[in-house]
Amino acid sequence: MNTVKANYVRPIDLRNGRVDLSHGAGGRAMAQLISELFARHLHNPYLAQGDDGAALPAAAGRLVLATDAHVVSPLFFPGGDIGCLSVHGTLNDVAVMGATPLYLTASFILEEGFPLADLDRIVASMAKASRDAGVPVVTGDTKVVERGKADGVFISTTGLGVLREGVSLSGANAQVGDAILVSGRIGDHGMAIMSVREGLAFDAPIVSDTAALHGMIGELLDEVPNLHTLRDATRGGLAATLNEICHQSGVGMMLEESRIPVSPTVEAACELLGLDPLFVANEGKILIICPQEDAERVLACLQNHPLGREACMIGKVCADPHHFVQMRTGMGGSRIVDWMSGDQLPRIC
Amino acid sequence: MKFVDEFRDGELARGLASAIASDVDSGKEYRLMEFCGGHTHAISRYGLTDLLPTNVRMIHGPGCPVCVLPIGRIDQAISLALEKGVILCSYGDTLRVPASNALSLLKAKSRGADIRMVYSTLDALQVARDNPTREVVFLAIGFETTTPPTAVAIKTAQAQGLNNFSILCNHVLTPAAMHAILAAPNGVALDGFVGPAHVSTVIGSAPYEPFPAQYKKPVVIAGFEPLDVMQAIHMLVLQINEGRAEVENEFTRAVTREGNTKAQALVNDIFELRDAFDWRGLGSVPLSALRLRPAYQQFDAETKFNQPYHAVADNKACECGTILRGEKHPRDCKIFGTACTPDNPVGSCMVSSEGACAAHYTYGRFRVVAG
């Protein structure tokens, strides 16, 4: 006698199961993975529509669209994982444009053989990040490639936001005399990843700073709407971001080394590995360029927010036909803070 | 950071700078060579030239392991990886050094060569353990500092029967290169040396004693921290003023006269002197490099894979040779900062952060365009 209930489908094995090619083939296995894993964690009315795309209400104003691929290795690191990173990274790109992020999309490239338990953890972390941020993942896609053609999981996310009224932020807006601020200690994300990869153990482990910054940025723009430039200092670190802005705005910069905040453990880890914290990636820090007269207000506003407590003013925008970022060193000499050449830290985000 | 910040104290630096300024004889030139790339890097990274009087001139020496490696040596490594199919393990600095046929180790990697960046010889041994069916070659480069770790790797490979591990040995010797610079006819005029830091922890200060004796050049061994460099410069200025030529040791917290005798014994057990070795810039220098002793031949990739060294001429426009000999400054090179940049290096000095050109480009090129 058949005791199995009618319409019963055996659930996917989230404990020992692995991704196989059928999970990307468009058949029942894929549908099941989507409903029992992705939709279970990420559920929201738009995703529940279950269509090829999400139909969204029209937003008033100018839209900002940003997209970001995430290939970080290892997938799990102190302070986060590829799941929350893929949410934070894209939200921050939208937010530094001066926009309020509204929706996210996500596409996954999975490697055959990837443990479903790990995928479950990653998507759960992504869902938590999206809920905490109040920005739903409204549509997505999943592809599976043969073993050896990817590295576990790659996640691309796209974020859509609506630009705040009266805000005009761009890397091209920095002006001579402007103040340069950073929202906290630099280099945490990159060194968290490196310390795992290199098996470095410290008394106080280095934890990634990955975080959604749109809340802090929103409060900042409420208080000081006329900021000139906002950037999240991700790959290439503070140095790359400042050089980009110098080129876009046609200016130079002078930094004070002694004012740039770096945690002692990150400093020590950089020293051990021969890296410079200025070039190490961040996932939860912004650079702010604003008129000098607003700098104190910006600083106070940042320091009022939990993610900006250690914000500092680190330098000034100056005229320079060569667009150099220069720095007064702690020794009293000067040096350039150049773009990084090559890549000492591949697959950091 | 404890034990580091003390040696980067801006207040003390200003004190040393004013001591140097008040002690220099304004009618005199002080031409000081910092032998090591580590010192070159510290000088550029901390902007120390801004703290020195204009008549104290720092001349970059050849002590950058990646810089002095001739093209033919990189070609050997590339050929092992691309043609012989070995896993080639290398320190990160070496990956972007330009070789023949517009290749570098990094470019060879993108063409399918299995090249792995390692932080230590122990990582390379682990790669050999993890890949028992593959041949694993470690590109061993560097001065006396990196030789003992290579020796340890050879000892370990032998003890553990890692027969798929071998090294491409390019270990070179500091005193031999200093002799080559001082003995060169029409060579650079020098008044003294800022002597090596890490190298001296291994070999001690005694091997520098011939330089004051034979060439009347003072040597002050200095650590790699900015205050070490400033203090060593001050000590050199005083020696020159007083007409002394001695080996002095600023880096007493790490360097003794004898050095690390245990490391020396290990190196001596495993390596022997080569009759001569090609250096970029210095040419063939007698008794200036090491090779494995016959007892360890099985770990020598040159023999194992029959991959002999062939000399290859440097790019004609590149001044790395004259820069490594201290005869020219990076700014004197026609292709500096134009055809040759850290992203697209033509010569080896533009690659490693210890290279004179890379350090000058990365930290100090504003001085050229400003002046």
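Residues numbered from 1 in each chain as written. Chains lettered and ligands numbered in written order. Predicted model: local features only at pLDDT ≥ 70, side-chain atom pairs only at ≥ 80, totals over all residues.

(A) Region of interest: the overall build of chain B. On a plain count of helices and strands, chain B comes out with 15 helices and 13 strands. Computed over the C-alpha atoms, the radius of gyration of chain B is 21 Å, within 12% of the 21 Å expected from 2.2 N^0.38 for a compact globule of 371 residues. The dimensions of chain B, computed from C-alpha atoms along their principal axes, are 65 × 45 × 45 Å. Out of the 371 residues in chain B, the part that is buried amounts to 53%. Considering only residue pairs separated by 6 or more positions, chain B has 77% of its internal contacts joining residues 24 or more positions apart. (Helix = DSSP H or I, 4+ residues; strand = E, 2+ residues; numbered from the N terminus. Rg over C-alpha atoms; globule rule 2.2 N^0.38 Å. Buried ≥ 20, exposed ≤ 12 C-beta atoms within 10 Å, placed from the backbone. Contact = placed C-beta atoms within 7 Å.)

(B) The confidence of the model for chain B, seen in detail. In the predicted model, chain B carries a mean pLDDT of 94, and 99% of its residues have values of at least 70. Model confidence for the complex is summarised by a pTM of 0.88, with the ipTM given as 0.82. (pLDDT = per-residue confidence, 0-100.)

(C) Region of the structure containing the interface of chain B and chain A. Listed by partner, the interface residues are 26 residues for chain B and 20 residues for chain A. The dominant element in the side of chain B that touches chain A, judged by the number of residues it contributes, is helix α15 (residues 356-370) of chain B, at 6 residues.

(D) Seen up close, the sheet that holds strand β9 (residues 247-249) of chain B. Residues and elements named next belong to chain B. In spatial order, the strands read β2-β1-β7-β8-β9; together these 5 strands make up an open sheet with parallel pairing. The open sheet terminates on both sides in strands that have one partner only, identified here as β2 (56-63) and β9. Here the average twist between neighbouring strands, direction ignored, is 25°. Pairing of strand β1 (residues 30-36) with β2 involves 6 bridges; the strand directions are parallel. (Pairing = 2+ DSSP bridges. Axes fitted to C-alpha atoms, helices over the stretch in contact; angles between N-to-C directions.)

(E) Expanded view of helix α7 (residues 237-249) of chain A. Residues and elements named next belong to chain A. A rise of 1.5 Å per residue sets the reference length of α7, with its 13 residues, at 18 Å; its end C-alpha atoms lie 19 Å apart and thus fit the reference within 8%. Within α7, 10 of the 13 residues are buried, which leaves the element mostly enclosed by the surrounding structure. Gly237, Leu238, Ala239, Ala240, Thr241, Leu242, Asn243, Ile245, Cys246 and Ser249 are the residues of α7 that are buried. On the buried face of α7, the contacting elements are β7 (179-182), β8 (229-232), β9 (252-256), β10 (286-290) and β12 (325-328). The positive-phi residue at the C-terminal boundary of α7 is Gly250, with phi of around 65°. (Expected span 1.5 Å × (residues − 1).)

(F) Geometry of the nonpolar core. Membership of the largest hydrophobic core comes to 226 residues, with the highest contact counts inside it found for Val153 of chain A together with Leu88, Val137, Val194 and Ile233 of chain B. Here this core gets 9 residues from one element, more than from any other, and that element is helix α11 (residues 226-241) of chain B. Each of domain 1 (21-163) and domain 2 (179-336) of chain A accounts for three or more of the residues forming this core. When residues no more than four places from it in sequence are discounted, the contact partners of Ile233 of chain B are Ile20, Leu32, Leu52, Val56 and Val194 of chain B. (Core = buried A, V, L, I, M, F, W, Y, C linked by C-beta atoms within 7 Å. Domains from an automatic or database assignment.)

(G) Looking closely at the environment of Val247 of chain B. Residues and elements named next belong to chain B. Inspection of the secondary structure assignment puts Val247 in strand β9. The buried category is assigned to Val247, around which 22 C-beta atoms lie within 10 Å. Along the primary structure Val247 and Arg291 are separated by 44 residues, whereas in three dimensions their C-alpha atoms are 29 Å apart. Among residues more than four places away in sequence, those in contact with Val247 are Ser205, Tyr208, Glu209, Pro212 and Val219.

(H) Region of interest: the sheet that holds strand β13 (residues 334-336) of chain A. Residue and element names in this part refer to chain A. Overall, mixed pairing links the 7 strands, which are arranged β8-β10-β7-β11-β9-β12-β13 in an open sheet. If you trace the sheet from one side to the other, it starts and ends with β8 and β13, each paired once. Within the sheet, the average angular offset between the axes of one strand and its neighbour, ignoring direction, is 25°.

(I) Quick look at the pairing of strand β11 (residues 312-318) of chain A. Residues and elements named next belong to chain A. Here β7 runs beside β11; their pairing, made up of 4 bridges, is antiparallel. Each residue of the ladder has a partner; that of Val182, found in β11, is Cys312. Direction of pairing for β9 relative to β11: antiparallel, over a ladder of 4 bridges. Within β11, the residue paired with Gly252 across the bridge is Cys318.

(J) Region of interest: the pairing of strand β1 (residues 63-70) of chain A. Residues and elements named next belong to chain A. Side chains Val64, Ala66, Asp68 and His70 of β1 all project onto a buried face; the interleaved residues Leu63, Leu65, Thr67 and Ala69 project onto a face where none is buried. Here β1 runs beside strand β6 (residues 153-163); their pairing, made up of 8 bridges, is antiparallel. For Thr67, the partnering residue across the bridge sits in β6 and is Thr158.

(K) Fine view of unusual backbone geometry. Looking along the chain, the bond that leaves Ser73 of chain A and enters Pro74 of chain A is cis, with omega of 0°. Its place among the elements puts Pro74 of chain A in the loop between β1 and β2 (76-77). With a phi close to 65°, Asn7 of chain A is a non-glycine residue in the positive phi region. You can see Asn7 of chain A is positioned in the segment before α1 (28-42). Despite not being glycine, Asn101 of chain B has its phi angle at roughly 55°, a positive value. One can find Asn101 of chain B in the loop between β3 (87-91) and α5 (105-110). On the basis of neighbour count, Asn101 of chain B is assigned to the exposed category, with 8 C-beta atoms found within 10 Å.

(L) Inspection of the packing of helix α7 (residues 147-159) of chain B against helix α12 (residues 261-270) of chain B at higher detail. Residue and element names in this part refer to chain B. Look at α7 against α12: their axes get within 9 Å of each other, and the N-to-C directions meet at 60°. Taken together, the axes of α7 and α12 are oblique relative to one another. Handedness of the crossing formed by α7 with α12: left-handed. Judged by residue contacts, Thr147, Pro148, Ala151 and Ile154 of α7 engage Ala263, Leu266, Val267 and Ile270 from α12. (Parallel < 35°, antiparallel > 145°, perpendicular 65-115°, else oblique. Left-handed = near helix turned anticlockwise from the far one by under 90°.)

(M) Representation of the domain arrangement of chain A within the structure. All names here are of chain A. Partitioning chain A into domains gives domain 1 (21-163) and domain 2 (179-336). Taking only C-alpha atoms into account, the centre of domain 1 sits 28 Å from that of domain 2. Each partner contributes to the interface: domain 1 provides 22 residues, whereas domain 2 provides 21 residues. Every element with two or more residues in the side of domain 1 that touches domain 2 is listed here: α3 (82-95), β4 (99-111) and α4 (116-133). If one sorts the elements of the side of domain 1 that touches domain 2 by residue count, α3 sits on top with 9 residues. When its residues are assigned to classes, the side of domain 1 that touches domain 2 shows 13 nonpolar, 7 polar and 2 charged. (Nonpolar A, V, L, I, M, F, W, Y, C, P; charged D, E, K, R; others polar.)

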